[in-house]
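Topology and contacts: notes
Spelled out from the first residue to the last, the chains are:
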Amino acid sequence: MISVLAAGCGSSDGSTTKKRIIRVALSQSEEHPEYKGLVKFKDYIESELGDKYEVQLFPNELLGGQTKAIELTQTGAIDFTVAGTPNLEIFADVYEVFSMPYLFTSEEAYFAAMNDTDYMDNVYASTEDTGLQVVTWYNVGTRNFYAKKPINTPDDLKGMKIRVQQSPASIKMANAFGAAASPMSFGEVYTAIQQGVIDGAENNELALTDNKHGEVAKYFTYSKHQMIPDVLIANYKFLNGLSDEERTVFEKAAQLSTDTELKEWEKDVETAKKTAEEDMGVTFIEPDLNAFKDKVKDVQQEMLDANPNIRDLYAHIQEYNKKYAGEEK
Ligand code: GCU
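Parameters and conventions
- Residues numbered from 1 in each chain as written.
- Predicted model: local features only at pLDDT ≥ 70, side-chain atom pairs only at ≥ 80, totals over all residues.
- Heavy atoms only, no water.
- Near = heavy atom within 4 Å.
- Polar contact = N/O pair within 3.5 Å; in protein donor to acceptor, adjacent residues only side chain to side chain.
- Areas by Shrake-Rupley, 256 points an atom, 1.4 Å probe, with all protein chains shown as cover.
- Nonpolar A, V, L, I, M, F, W, Y, C, P; charged D, E, K, R; others polar.
- Axes fitted to C-alpha atoms, helices over the stretch in contact; angles between N-to-C directions.
- Helix = DSSP H or I, 4+ residues; strand = E, 2+ residues; numbered from the N terminus.
- Parallel < 35°, antiparallel > 145°, perpendicular 65-115°, else oblique.
- Left-handed = near helix turned anticlockwise from the far one by under 90°.
- Contact = heavy atoms within 4.5 Å.
- Expected span 1.5 Å × (residues − 1).
- Buried < 20%, exposed > 50% of the residue type's maximum accessible area, 1.4 Å probe, protein only.
- Domains from an automatic or database assignment.
- Buried area = accessible area lost by both parts, 1.4 Å probe.
- Salt bridge = Lys/Arg side-chain N within 4 Å of Asp/Glu carboxyl O.
- Patch = residues over 30% accessible without salt bridge, like charges linked within 9 Å, V, L, I, M, F, W, Y side chains within 5 Å.
- Lys, Arg positive; Asp, Glu negative; His and termini not counted.
- Charge placed at Lys NZ, Arg CZ, Asp CG, Glu CD.

Digging into the site of the ligand
Around the ligand, the surrounding shell consists of Gln28, Gln66, Gly84, Val140, Arg143, Arg163, Gln165, Phe186, Asn203, Asn204 and Asp230. Between the ligand and Gln28, the relevant distance is 3.3 Å, taken from an oxygen atom to a side-chain nitrogen or oxygen of the residue. Note that an oxygen atom of the ligand is positioned 2.6 Å from one of the side-chain N or O atoms of Arg163. For the ligand, the accessible surface in isolation is 310 Å², of which the surrounding protein chains cover 98%. Split into classes, the residues belonging to the shell around the ligand amount to two nonpolar, six polar and three charged.

Written out as structure tokens, the structure is:
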């Protein structure tokens, strides 16, 4: 972790300008679509308000894992961070909905629900009282199991230690599949698989290449059990301290970052799969999805019974599921 004590910027005549440094943390590398999106965020803010603000990006968990980075955002030590929604469950349990297995029945439904900004803004406001405000989302594809040995059916998961994100609903999800859920931060996963502390994990294809997990886990099974968005989270006070004009610039910058990220994702996920297969020797398995779905068929209802705060968002998502009914299996 590096220190973030930078203050004003020096200028050539020796005076210091009053530029406010905006710090943005993310787990992913400079190659990741999210980083490319955030470069747009930075560029747009600096092109419009460059005399006042300088945006600095801190990739690769430089400021700590997602839990830590959210804490830093909460206290205002940094201004923005990118994290998966499971990390927000402890701040607002409405976010548990995204951890439900097989929540969305198609990618179209997922995109439509996430792009329904009017509705999502209410969800995004749900962490206000904890000092956090979500501003936009990023697509990070579907989550799938991968491990040192092949997983062809859910029965193969029995007794396997599978890393999940640090959230109650993620643990529930993996246990329901019959695995032994092992929550830990993303940055620890590579070594944990390598050293045999866990047998595998679950994530998208970029985890194999960008995060190099394909070096230590050679079997990737398309269980497609979740589509969990990442979100850009702001320090609430900072965002609300902006003037109306500045706020408009920051919001447009956030939207631009999402537009870029979504486009880059489509390209990068294809490349990642190819690289993992051809250069890293990862085998991709297309299992019988019904067996996986069947294994967790009661989980959605159990979660709805346990948590009233997810019911409205869940019902809202069902409308999109109906509208964009996927290939029902
Ligand atoms: C995805 C997501 C990250 C998250 C990671 C994880 O890669 O983009 O934000 O950290 O999953 O499983 O922790």
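Quick word on the packing of helix 4 (residues 117–124) against helix 12 (residues 311–323)
Running from N to C, helix 4 and helix 12 cross one another at 160°; their axes reach a closest spacing of 12 Å. Of the possible angle classes, the one that applies to helix 4 and helix 12 is roughly antiparallel. Considering only the axes of helix 4 and helix 12, their crossing is left-handed. Mapping the contact onto sequence places Tyr119, Met120 and Val123 in helix 4 and Asp312, Leu313 and His316 in helix 12. Residues of the contact of helix 4 with helix 12, tallied by class, amount to four nonpolar, one polar and one charged.

Points about the side chain of Ser167
Of note, Ser167 is situated in the loop between strand 6 (161–164) and helix 5 (168–176). Within the structure, Ser167 has its side chain in polar contact with the side chain of Ser170 (distance 2.7 Å).

Here's the deal with helix 1 (residues 33–49)
For helix 1, built from 17 residues, the straight-helix expectation of 24 Å at 1.5 Å per residue is met to within 8% by its first-to-last C-alpha distance of 24 Å. Among the residues making up helix 1, those that are buried are Pro33, Glu34, Tyr35, Gly37, Leu38, Phe41, Tyr44, Ile45 and Leu49.

Overview of the domain arrangement of the protein chain
Per the domain assignment, the segments of the protein chain are domain 1 (9–140 + 229–270) and domain 2 (143–227 + 280–323). Each of domain 1 and domain 2 was reduced to a C-alpha centroid, and the two centroids are 24 Å apart. Between domain 1 and domain 2, the residue contacts involve 39 residues of the former and 40 residues of the latter. At the boundary of domain 1 with domain 2, total buried surface from both sides reaches about 3,400 Å², with 60% on carbon and sulfur atoms. Looking at the side of domain 1 facing domain 2, the largest losses of area belong to Met100, Pro101 and Tyr102, adding up to 23% of the total buried there. Here domain 1 is connected to domain 2 by zero salt bridges. At the boundary of domain 1 with domain 2, the tally comes to 21 residue pairs in polar contact (both at pLDDT 80 or more).

Points about the environment of Pro168
On the secondary structure map, Pro168 appears in helix 5. Residue classification places Pro168 among the partly exposed residues on the basis of a relative accessible area of 47%. Sequence separation between Pro168 and Asn87 is 81 residues; the distance between their C-alpha atoms is 9.6 Å.

Regarding the packing of helix 1 against helix 9 (residues 244–278)
For the pair helix 1 and helix 9, the least separation of the axes is 7 Å and the interaxial angle reads 150°. By the angle class used here, helix 1 and helix 9 are roughly antiparallel. Considering how the two elements wind past one another, helix 1 and helix 9 form a crossing that is right-handed. Residues belonging to the contact of helix 1 with helix 9 are distributed by class as follows: 12 nonpolar, three polar and nine charged.

Remarks on a negative patch on the surface
Where like charges cluster on the molecular surface, the negative patch consists of Glu107, Glu108, Glu266 and Glu270. Secondary-structure elements contributing two or more residues to the negative patch are helix 3 (107–114) and helix 9. Topologically, Glu108 is positioned in helix 3. Judged by relative accessible area, Glu108 falls into the partly exposed class, the value being 46%.

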